[in-house]
Amino acid sequence: MSGKPTYARRRPETTALYQVVLDNLRTLYAAAEDGFASPLPGFVRDELEGFIDCGVLARGFAVLACPECRERKVVAFCCRGRGFCPSCGGRRMTATAADLVEHVIPNVPLRQLVLTLPFELRARLAYDGELLGGVSRAFLDSVLGWYQRHMRARGIADGKSGAVTVVQRVSSDLRLNPHLHSLCLDGVYAESAGELAFHPLPFLTNDDVGDLLQIARARILALLRRKGVLEDDTVTSDAALADREPALAELAAASVAGTLPAGPALRRRDPIKLRGGSEARAHQGAMRR
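Keep in mind that this is a model prediction, so the values were computed, not measured.

Undergrad: Would you mind going over the pattern of salt bridges with me for this structure?
TA: Between side chains of opposite charge, a pair can form as their charged atoms come close. Applying the stated criterion across every chain, the model contains six salt bridges. The closest approach of N and O atoms between Asp-53 and Arg-59, which form a salt bridge, is 3.1 Å. Its salt-bridge partner being Arg-219, residue Asp-141 comes within 3.9 Å of it at the nearest N-O pair. Here the residue Asp-141 occupies a position in helix α5 (residues 129–152), and Arg-219 occupies one in helix α6 (residues 206–226), the gap between them amounting to 78 residues. Under the relative-accessibility criterion, Asp-141 is labelled partly exposed at 41%.

Here you go:
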């Protein structure tokens with residue numbers, strides 16, 4: 001068996017996800033326009049329609065030729081989407097992970113910390129990038145500061161650590177759920193005799209984790225109050241988004257809750273009682289028997 005790498009064109013048009021999107025995209029547009037005060041935002045349409053074109057030869061391709069053996073390969077164009085396409089998203093994820101391992105993260109112990117947020121905040125954080133960035137900084141400042149204090153108590157002064165954070169926008173059931181995956185150096189670097197040395201963090205107890213959680217919680221809540229997102233521990237509504245992108249606001253709220261935002265199911269009315277105890281349901285003003 002030869003170890004020579006080979007190229008095989010992916011065929012997205014044969015996958016279940018592609019067929020579902022292709023068969024139901026216009027239905028989605030119609031349901032959204034019928035159920036909302038405005039159509040879906042342009043970037044949502046671009047993402048979905050770009051996915052339909054991605055990897056399909058009929059939508060455009062390039063012919064690559066080897067200058068030595070003259071072998072040719074036909075390569076379909078990709079959408080380079082950042083939110084929906086599993087192929088382009090997977091390619092970017094793999095390239096980022098390889099770059100981090102080879103050029104960024106040192107060969108030291110690591111710890112993954114995951115920050116999830118209450119349901120009431122998820123829709124707001126999903127479309128407010130500045131606010132999500134602030135929450136991320138507050139969380140990481142809490143973690144890295146706690147590392148410094150924890151190691152200082154063990155005689156390691158002026159230690160510094162680092163972390164890489166990735167935002168995951170959905171949960172396993174595809175509900176809208178922006179949360180943070182932070183990969184932290186599990187310890188600190190400190191200078192000794194003119195050289196940097198890494199000092200790993202000792203085993204953490206449940207009390208240690210609870211202490212770190214309380215610090216992060218207090219800082220994040222303080223940030224949300226300063227930004228006007230929280231008033232008396234109640235999440236305020238974002239009228240600006242509702243006015244600017246009403247469809248997006250309703251979709252975000254429905255995705256967090258796992259409810260249907262639009263479509264025929266929402267137009268069903270209560271059963272109409274007929275004589276003799278039988279029932280019928282009215283759909284869109286018409287009687288269905």
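Past the structure itself, the notes keep going.
Undergrad: How should I be thinking about the sheet that holds strand β4 (residues 163–170) in this particular structure?
TA: In a beta sheet, neighbouring strands are held together by backbone hydrogen bonds and run either parallel or antiparallel to one another. With respect to topology, three strands assemble into an open sheet ordered β3-β5-β4, the strand pairing being antiparallel. Each edge of the sheet is formed by a strand with only one pairing partner; in this case those strands are β3 (110–115) and β4. Put simply, the sheet's adjacent strands are angled 20° from each other on average, direction ignored. Here β4 runs beside strand β5 (residues 176–185); their pairing, made up of seven bridges, is antiparallel. Counterpart to Val-170 in the pairing with β5 is Leu-176. Relative to β5, helix α4 (residues 119–127) is tilted by about 75°, and along the sheet it contacts β4 and β5. Set on the sheet, α5 makes contact with β3, β4 and β5; between it and β5 the angle comes to about 30°.

Undergrad: Can you help me understand the nonpolar core in this one?
TA: Side chains that are nonpolar tend, in soluble globular proteins, to be buried together. Counting residues in hydrophobic clusters, the biggest one holds 30 residues, and the most contacted among them are Val-135, Phe-139 and Leu-224. Mapped onto this core, the elements with two or more residues apiece are β3, α4, α5, β5, β6 (187–192) and α6. For this core, the element with the most residues is α5, which contributes ten residues. The contacts of Phe-139, once residues within four sequence positions are left out, are Leu-113, Leu-115, Leu-180, Ser-182, Ala-216 and Ile-220. Counting residues in each nonpolar core, the second largest holds 16 residues, with Tyr-18, Tyr-29, Val-44 and Cys-85 among its members.

Undergrad: What should I look at first to understand the packing of aromatic side chains in this one?
TA: Think of a pair of aromatic rings as described by two things: how far the centres are apart, and how the planes are tilted against each other in angle. For the structure shown, the criterion picks out three aromatic pairs. Taking 5.9 Å as the distance between ring centres and 55° as the angle between the ring planes, the aromatic pair formed by Tyr-18 and Phe-51 counts as tilted. Of this pair, Tyr-18 sits in helix α1 (residues 16–35) while Phe-51 sits in helix α2 (residues 42–53); the two residues are 33 residues apart in sequence, bridging distant segments of the chain. By the burial criterion, Tyr-18 is buried, and Phe-51 matches it. Sitting over the face of the ring of Tyr-29, Arg-45 holds its NZ or CZ atom 3.9 Å from the ring centroid.

Undergrad: Any chance you could explain the confidence of the model for the protein here in plain terms?
TA: As a general rule, the predicted coordinates of low-pLDDT regions are not to be interpreted in detail. Across the protein, pLDDT averages 83, with 86% of residues at or above 70. This model gives residues 277–289 a pLDDT under 50, and the stretch forms 25 contacts once residues within four places in sequence are excluded.

Undergrad: Sorry, what's going on with the packing of α4 against α5 here?
TA: When two helices pack together, you describe them by how their axes are tilted relative to each other and by the distance separating the axes. Here α4 crosses α5 at 115°, and the two axes come no closer than 5 Å. With respect to their mutual orientation, α4 and α5 come out roughly perpendicular. When α4 is examined against α5, the residues Arg-124, Leu-125 and Tyr-127 are found in contact with a partner set consisting of Gly-129, Leu-131, Leu-132 and Val-135. For the contact of α4 with α5, the class distribution of residues is five nonpolar, one polar and one charged.

Undergrad: I would appreciate a short explanation of the side chain of Arg-122 in the present structure.
TA: Among the structural elements, Arg-122 can be located in helix α4. For the buried Arg-122, no salt bridge exists, and the shortest N-O distance to an oppositely charged side chain is 7.5 Å, to Glu-120. A polar side-chain atom of Arg-122 sits 3.1 Å from a polar atom in the side chain of Asn-177. The contacts of Arg-122, once residues within four sequence positions are left out, are Leu-117, Leu-176, Asn-177, Pro-178 and Val-256.

The rules we used
Residues numbered from 1 in each chain as written. Predicted model: local features only at pLDDT ≥ 70, side-chain atom pairs only at ≥ 80, totals over all residues. Heavy atoms only, no water. Salt bridge = Lys/Arg side-chain N within 4 Å of Asp/Glu carboxyl O. Helix = DSSP H or I, 4+ residues; strand = E, 2+ residues; numbered from the N terminus. Buried < 20%, exposed > 50% of the residue type's maximum accessible area, 1.4 Å probe, protein only. Pairing = 2+ DSSP bridges. Axes fitted to C-alpha atoms, helices over the stretch in contact; angles between N-to-C directions. Contact = heavy atoms within 4.5 Å. Core = buried A, V, L, I, M, F, W, Y, C linked by side-chain atoms within 4.5 Å. Phe/Tyr/Trp six-rings, centres within 6.5 Å; stacked < 30°, edge-to-face > 60°. Lys NZ or Arg CZ within 6 Å of the ring centre and 35° of its normal. pLDDT = per-residue confidence, 0-100. Parallel < 35°, antiparallel > 145°, perpendicular 65-115°, else oblique. Nonpolar A, V, L, I, M, F, W, Y, C, P; charged D, E, K, R; others polar. Lys, Arg positive; Asp, Glu negative; His and termini not counted. Polar contact = N/O pair within 3.5 Å; in protein donor to acceptor, adjacent residues only side chain to side chain.

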